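Each chain, letter by letter, is given below.
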Amino acid sequence: MQIMRSNQIRWLSVLIVTGGLLLILPLHLLACFIAGFLVFELINALTPYFQKIISGERARWVVVAIIATLVISCLTLAIAGIANFLMEDMRNPVAFNAMVSRLLTDAQSRLSPVLLHYLPANIEELQRSFLQWLREHIVMIQAVGKNAAHVFLTMIIGMILGAIISLQQPRKGELHAPLKKELLQRMHLLGEAFRNVVFAQFQISLINTVLSGIFLFGILPLFGIHLPLAKTLVVVTFVCGLLPVIGNLISNTLIFIVGLSLSLWVGALVLAYLIIIHKVEYFLNARIVGSRIKAKSWEVLLAMLIFEAAFGIAGVVAAPIYYAYLKSELKEAGLI
């Protein structure tokens, strides 16, 4: 009877955690979940090293202070950089208009006459077209801005929650109620799954960066093509690559724009390469993540495809973490 009740409590805890994880996606809280869990895991991982220098729980507070300082500093620098960039353009509108006009002229000289009909002839026509586009898509722009603000705010809240929860460490030997004990075990398994997937994503980002570096500094120079800002693009590829799938899309878009600025054919060549890399990333992601969570590549790939169909890009990001957690639960229950 006691064993049956224990199993019921375990599966109840599994149901609670699984239900919460599934609700994260339709409620658009995936960014909050990842940011909070990342801060939580970073604090837990770094605390033992600081405890060698600072005794007791003060080490954990020091780690929280360091992470908070780094996050605030990065956000401040990013906002200041964007503001400075915008103000620079506003301070010198003549130079900015001249640059845009030169780009339009270069593009017109490279495109076929059929496509010239869709390209503005000068900066004034470009401004009119842009204002017209804004009026026609104002609802969409408002939705995008609202979603971006929501993601940003939920990430900040997630980081704060992750830091607060990391400070609430259970004492050794402390007894817990049965359901709380099982829920803590569920969170332990979820934390392991999260760490495995994040470490795998670091490997994937590193591989993508190496491939992009070979393409930008090895393959393209063989054809006499030297992309501007190549070193910056490599750094951006690594940073963005830490985000599953969508990060690769961001870095690929930037590389394509830079390639297109040289010529239409360079842009087409870069686009062809990036399409191949984007498709390969699905299999690369599945292979590396699968090795970390002891799953075959087709299992992770199938989970990514199903979650993408159900939840879009957010589903692709969440699929490896969710599948790794599911497999950990099934292994612990002795079902696989």
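Provided above is the structure to which this section pertains.
To keep things clear, this report deals only with the structure shown in the data block. These numbers were taken from a predicted model, which means no experiment stands behind them. (Residues numbered from 1 in each chain as written. Predicted model: local features only at pLDDT ≥ 70, side-chain atom pairs only at ≥ 80, totals over all residues. Heavy atoms only, no water.)

Thoughts on the overall build of the chain
Scanning the chain for helices and strands turns up 13 helices and zero strands. Sequence-ordered secondary structure for the chain, helices as α and strands as β, is α-α-α-α-α-α-α-α-α-α-α-α-α. By residue count, 32% of the 336 residues in the chain fall in the buried class. A separation threshold of at least 6 residues defines the contact pool for the chain, and within that pool the share at least 24 residues apart is 67%. Of the accessible surface of the chain, which amounts to about 20900 Å², a share of 73% is contributed by carbon and sulfur atoms. (Helix = DSSP H or I, 4+ residues; strand = E, 2+ residues; numbered from the N terminus. Buried < 20%, exposed > 50% of the residue type's maximum accessible area, 1.4 Å probe, protein only. Contact = heavy atoms within 4.5 Å. Areas by Shrake-Rupley, 256 points an atom, 1.4 Å probe, with all protein chains shown as cover.)

As for the pattern of salt bridges
Inspection of every chain in the model, using the stated rule, returns five salt bridges. Among the salt bridges present, the one from Glu41 reaches Arg195, with a minimum N-O distance of 2.7 Å. In this pair, Glu41 sits in helix α2 (residues 30-51) while Arg195 sits in helix α8 (residues 178-222), placing the two residues 154 residues apart along the sequence. A relative accessible area of 10% places Glu41 in the buried class. Using a relative accessible area of 39% as the deciding quantity, one classes Arg195 as partly exposed. A salt bridge links Glu332 to Arg186, with the nearest nitrogen and oxygen atoms 2.7 Å apart. One end of the pair, Glu332, is in helix α13 (residues 313-332); the other, Arg186, is in helix α8, and 146 residues separate them in sequence. (Salt bridge = Lys/Arg side-chain N within 4 Å of Asp/Glu carboxyl O.)

Some thoughts on the packing of aromatic side chains
Scanning the entire structure with this criterion turns up eight aromatic pairs. On the basis of an interplanar angle of 70° and a centroid distance of 5.4 Å, the ring pair of Phe33 and Phe37 is categorised as edge-to-face. You can see Phe33 and its partner Phe37 sitting in helix α2, four residues apart, about one turn around the helix. This pair shows no difference in class: Phe33 is buried, exactly as Phe37 is. Linked through ring pairs, Phe33, Phe37, Phe40 and Phe194 together constitute an aromatic cluster. (Phe/Tyr/Trp six-rings, centres within 6.5 Å; stacked < 30°, edge-to-face > 60°.)

Points about the packing of α2 against α13
Contact pair α2 / α13: the axes reach a minimum separation of 11 Å and the direction vectors enclose 40°. The orientation of α2 relative to α13 falls into the category oblique. Taken as a pair, α2 and α13 cross one another with a handedness that is left-handed. Note on element contacts: α13 touches α2 through Ala314, Val317, Ala318 and Ile321, opposite Leu30, Phe33 and Ile34. Class assignment for the residues of the contact of α2 with α13 results in seven nonpolar, no polar and no charged. (Axes fitted to C-alpha atoms, helices over the stretch in contact; angles between N-to-C directions. Parallel < 35°, antiparallel > 145°, perpendicular 65-115°, else oblique. Left-handed = near helix turned anticlockwise from the far one by under 90°. Nonpolar A, V, L, I, M, F, W, Y, C, P; charged D, E, K, R; others polar.)

Quick word on the nonpolar core
Membership of the largest hydrophobic core comes to 27 residues, with the highest contact counts inside it found for Leu21, Leu30, Phe33, Leu190, Ile321, Tyr322 and Tyr325. Elements with a contribution of two residues or more to this core: α1 (2-24), α2, α8, α12 (297-311) and α13. With nine residues, α13 is the largest single contributor of residues to this core. Not counting residues up to four positions away in its chain, the partners in contact with Leu21 are Phe33, Leu190, Tyr322 and Tyr325. Counting 14 residues, the second largest nonpolar core, distinct from the first, contains Phe215, Leu216, Leu233 and Val270. (Core = buried A, V, L, I, M, F, W, Y, C linked by side-chain atoms within 4.5 Å.)

Section: unusual backbone geometry
In the Ramachandran plot, His28 falls in the positive-phi region, its phi being about 60° despite a non-glycine side chain. Along the polypeptide, His28 turns up in the loop between α1 and α2.

Quick notes on the environment of Phe307
Structurally, Phe307 can be placed in helix α12. Under the relative-accessibility criterion, Phe307 is labelled buried at 17%. Phe307 sits 282 residues away from Leu25 along the chain, and the two C-alpha atoms are 9.9 Å apart. Here Phe307 is in contact with Leu25, Gly312, Gly315, Val316, Ala319 and Tyr322, once residues within four sequence places are set aside.

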